[in-house]
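Here's the letter readout for the chains.
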Amino acid sequence: MDRYSRMVQFFKVLLPLAAIIMLSTVFLLSRSIETNVSVPFAQKDIDARLADQVVTQPNYRGTTRKGEDVQIEATQATQGSEESVPAASQFRGRFGLLNGGVITLDSNSGLIRPDQGTATFVGDVVITTTDGILVTTDLLNTSLDEIRGDTPGQVNGTGVIGNFSAGRMTFGTEKKDGPVHILFTDGVKLVYEPEKAER
């Protein structure tokens, strides 16, 4: 038998043996891997999330019929059950107007209904605009199809001319393609501050 044939015979034995050794090494190493990996949630938290169908960091993005930008997000949302309605905590919204202005909305909780084209902000609602108006109230109903909203209750606020309060506030367009206006009604009280207005 020549040298070439002996080499072929040698590798026919060596290569399968090397393959078996490599496979056994993989299995031996896999046994030493930690399989009891801890998750960042306790089992009761996982069970509660599954039962309540909790969603973390939900985010809604859309546009109105006129092309205005609508964004709504929360830290956590639940689907609700027969005894409770769906709700989200730390509810925040942003309406981007066509003229470049922005209306931001913040509240303790809220509810979004894309099927009905509505979003409701509940508890310590703060409404701010890029032209310097800040309004606080307890409840705000808004539309997702257009830049429109209303507060059924008391509002307090501050603006370029001073501090004010009113029994109700609405915002939206008066005409189909007109600009967005904020309207205060039902016993409006204004504390006029000339120095603030001059700024």
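Heads up: the structure comes first, above all this text.
What counts and what doesn't
Residues numbered from 1 in each chain as written. Predicted model: local features only at pLDDT ≥ 70, side-chain atom pairs only at ≥ 80, totals over all residues. Heavy atoms only, no water. Helix = DSSP H or I, 4+ residues; strand = E, 2+ residues; numbered from the N terminus. Buried < 20%, exposed > 50% of the residue type's maximum accessible area, 1.4 Å probe, protein only. Contact = heavy atoms within 4.5 Å. Areas by Shrake-Rupley, 256 points an atom, 1.4 Å probe, with all protein chains shown as cover. Core = buried A, V, L, I, M, F, W, Y, C linked by side-chain atoms within 4.5 Å. Patch = residues over 30% accessible without salt bridge, like charges linked within 9 Å, V, L, I, M, F, W, Y side chains within 5 Å. Salt bridge = Lys/Arg side-chain N within 4 Å of Asp/Glu carboxyl O. Phe/Tyr/Trp six-rings, centres within 6.5 Å; stacked < 30°, edge-to-face > 60°. Pairing = 2+ DSSP bridges.

Student: Whenever I open this one, the overall build of the chain confuses me. Can you help?
Tutor: Each helix and strand counted, the chain has 3 helices and 14 strands in total. The proportion of buried residues among the 199 residues of the chain is 25%. A fraction of 35% describes how many contacts in the chain between residues 6 or more apart in sequence connect residues 24 or more apart. Looking at the chain as shown, the accessible area adds up to about 13500 Å², and 57% of this sits on carbon and sulfur atoms.

Student: Which parts of the structure should I look at to understand unusual backbone geometry?
Tutor: In terms of backbone geometry, most residues other than glycine have negative phi values and most peptide bonds are trans. A positive phi angle, near 50 degrees, is found at Asp124, a position not held by glycine. Tracing the backbone shows Asp124 in strand β7 (residues 118-129). Relative accessible area serves as the criterion here: at 51%, Asp124 is assigned to the exposed category. Phi at Asp186 is positive, roughly 65 degrees, even though this residue is not glycine. Its place among the elements puts Asp186 in the loop between β13 (180-185) and β14 (189-192). Given a relative accessible area of 52%, Asp186 falls into the exposed group.

Student: In this structure, what is going on with the nonpolar core? I would like to understand it.
Tutor: Across soluble globular proteins, nonpolar side chains show a tendency to be buried alongside one another. One finds Ile103, Phe121 and Ile127 to be the most contacted residues of the largest nonpolar core, which totals 23 residues. Those elements giving two or more residues to this core turn out to be β3 (69-73), β5 (87-96), β6 (102-113), β7, β8 (134-143), β11 (162-166) and β12 (168-173). No other element matches the 4 residues that β7 contributes to this core. Filtering out sequence-adjacent residues up to four positions away, Ile127 remains in contact with Ile103, Thr104, Leu105, Ile133, Leu134, Val135, Thr137, Leu140 and Met169.

Student: Before we go on, may I ask you to explain a nonpolar patch on the surface in this structure?
Tutor: Taken together, Met7, Phe10, Phe11, Leu14 and Leu15 make up a surface patch of nonpolar side chains, about 480 Å² in accessible area. For Leu15, a relative accessible area of 54% gives the class exposed.

Student: Looking at this structure, I do not really get the pattern of salt bridges. What am I missing?
Tutor: Proximity of charged atoms lets side chains of opposite charge pair with each other. Applying the stated rule across the entire model yields 6 salt bridges. For Glu146, the salt bridge goes to Arg65, with nearest N and O atoms at 4.0 Å. Of the two residues, Glu146 is situated in the loop between β8 and β9 (149-151) and Arg65 in the loop between β2 (59-63) and β3; the sequence distance between them amounts to 81 residues. Residue class for Glu146 comes out partly exposed when judged on its relative accessible area of 27%. Among the ionic pairs, Glu146 bridges to Arg148, the shortest N-O distance being 3.4 Å. Members of the salt-bridge network, linked through shared partners, are Arg65, Glu146 and Arg148.

Student: Sorry if this is basic, but what is going on with the packing of aromatic side chains here?
Tutor: Two descriptors summarise a pair of aromatic rings, namely the distance from one centre to the other and the angle between the planes of the rings. Per the counting criterion, the structure on display carries 2 aromatic pairs. Ring geometry for Phe91 and Phe121: centres 4.8 Å apart, planes at 55 degrees, overall tilted. Of this pair, Phe91 sits in strand β5 while Phe121 sits in strand β7; the two residues are 30 residues apart in sequence, bridging distant segments of the chain. By the burial criterion, Phe91 is buried, and Phe121 matches it.

Student: Even after reading the chapter, I still don't get the pairing of β2, so can you show me in this structure?
Tutor: One face of the sheet, then the other: side chains in a regular strand alternate in exactly this way. In this sheet, β3 lies alongside β2 in antiparallel orientation, the contact comprising 5 bridges. Note that in β3 the partner of Thr63 across the bridge is Asp69. Counting the residues that bridge the hairpin from β2 to β3 gives 5 residues, and of these Gly67 lies at a positive phi of roughly 95 degrees.

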